[in-house]
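Structural overview
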Amino acid sequence: VLGGGSGGIVAATKLGRELGARHDVILIDRRSDHVFMPAFLFLMVGQRRPEEITRKLERLERRNVKVRQAEILGIDPAKQQVVLDDGMVPYDYLIVSLGMQTAPQLIPGFSEGAHHAWEMEAALRLRSALESFDAGRILVGVPLGPYRCPPAPYEAQWMLDTYFRQRGMRDRVTIEYFTRDPEPSGEAHDPVVWMDEQSKKRNIKQHYEFIVHSIDPEGRTVTGLYGYKLSYDLLFMIPPHRPAQALVDSGLADTEAGVRVDYDTLATKWENVYAIGDCADMPASKAGVVAHQEGDVVAHNLAVEITGRGEPVPLRLHTI
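In this report, the structure presented in the accompanying data block is examined. (Residues numbered from 1 in each chain as written. Predicted model: local features only at pLDDT ≥ 70, side-chain atom pairs only at ≥ 80, totals over all residues. Heavy atoms only, no water.)

A few words on the pattern of salt bridges. Tallied over the full model, the rule gives 19 salt bridges. Arg31 is paired through a salt bridge with Asp29; the nearest N and O atoms lie 3.9 Å apart. One salt bridge connects Arg170 with Asp161, and the closest N-O pair in it is separated by 2.6 Å. The exposure class assigned to Asp161 is buried, which follows from its relative accessible area of 3%. (Salt bridge = Lys/Arg side-chain N within 4 Å of Asp/Glu carboxyl O. Buried < 20%, exposed > 50% of the residue type's maximum accessible area, 1.4 Å probe, protein only.)

This is the structure:
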């Protein structure tokens, strides 16, 4: 199992429990800790500390999972082995759960002019910036392409609204949101319509169909297509995302959304290789709840195949 995120730990834990000590279930991650990424927004506003959202991956060893900390450099499906920075590991079955990497360099000026909360250190830097922010305009925005946790931009708007209200200074802060998506329409209970209405109730202006072209850190402006500009005092923007570098270098990433998979089984075009979570090119949210369900199904079906006990099941996602 490659990757110790939400999908990887679910798949590894279930396989370890189902197969027992007679089989080798190995989880490989470059970090020694599992980091609960959905809590990054809480980290941003000071409601969580880093130690509260991390757990040692070695705790999985009590579930018959061997944990190996190493950098994953590549995958060779023909030889059925994973290339690490300290050697190679063969496999009989491979579950790829490497997520997506942030790629701020794809937008000129992003690294110098924008904050985000899609990595631990970035969320902590944003927390410091918010603590020293005393008045002005905050822009919250999204890029083109896929990114982790689609509802998070709306959550970020609402959390910032609450944060400044609790500090007694909401009247001195303007919050605005921009997105590449068109303005929502439809029934009031539709998720995107409901989220739009919630933002407007909080006096957060929405800019729809705004496609970011570049950021000017000195002028504090975001430029979209056709020269349309938005000014800011503090910019919170989700960075562009791309598949993990090991998947790109190995040729496993078919699209910018990740590895193509069978929607029922998560199987890839390579024998005994499965992709789950954010790195799987699926018509579903790139979110922890999706990765969890996918990891559970793949692990169950592999345990059935290996042990001959039980029946395989197709993926049936429960999500927005």
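Bringing unusual backbone geometry into the picture now. Phi is positive for Gln80, which is not a glycine, with a value near 50°. Relative to the helices and strands, Gln80 is located in the loop between strand E5 (72–76) and strand E6 (81–84). In this structure Gln80 comes out as partly exposed when scored by relative accessible area, which is 27%. A positive phi angle, near 55°, is found at Glu209, a position not held by glycine. Among the secondary structure elements, Glu209 is positioned in the loop between strand E12 (205–207) and strand E13 (212–216). Classification of Glu209 as exposed rests on a relative accessible area of 59%. (Helix = DSSP H or I, 4+ residues; strand = E, 2+ residues; numbered from the N terminus.)

So, on to empty space enclosed by the protein. Counting across every chain of the model gives one cavity of 30 Å³ or more. The volume enclosed by the largest cavity comes to roughly 50 Å³. Gly277, Asp278, Ala280, Met282, Ala284, Ser285, Lys286, Ala287, Val290, Ala291 and Glu294 together form the lining of the largest cavity. Here the element with the most residues in the lining of the largest cavity is helix H8 (residues 288–307); it accounts for three residues. Along the lines of polarity and charge, the residues of the lining of the largest cavity split into six nonpolar, two polar and three charged. (1 Å grid on protein atoms, 1.4 Å probe; cavity = no way out; pocket = protein on both sides within 12 Å on 5 of 7 lines; lining within 4 Å. Points joined across faces, edges and corners; volume = space filled by probe spheres on them. Nonpolar A, V, L, I, M, F, W, Y, C, P; charged D, E, K, R; others polar.)

Here we come to the packing of aromatic side chains. Evaluation of the coordinates by the stated rule reveals eight aromatic pairs. Between the aromatic rings of Tyr154 and Tyr177, the centroid separation amounts to 5.1 Å while the plane-to-plane angle is 50°, which identifies the pairing as tilted. On the criterion of sequence distance, the pair formed by Tyr154 in helix H5 (residues 152–166) and Tyr177 in strand E11 (residues 173–178) is long-range, its members being 23 residues apart. Its relative accessible area of 8% is what places Tyr154 among the buried residues. The class for Tyr177 is buried, based on a relative accessible area of 2%. Between Tyr163 and Phe164 the ring centres are 5.0 Å apart and the planes differ by 80°, which places this aromatic pair in the edge-to-face class. The two residues Tyr163 and Phe164 agree in class, both being buried. Taken together through their ring pairs, the aromatic side chains of Tyr154, Trp158, Tyr177 and Trp194 make up a single cluster. (Phe/Tyr/Trp six-rings, centres within 6.5 Å; stacked < 30°, edge-to-face > 60°.)

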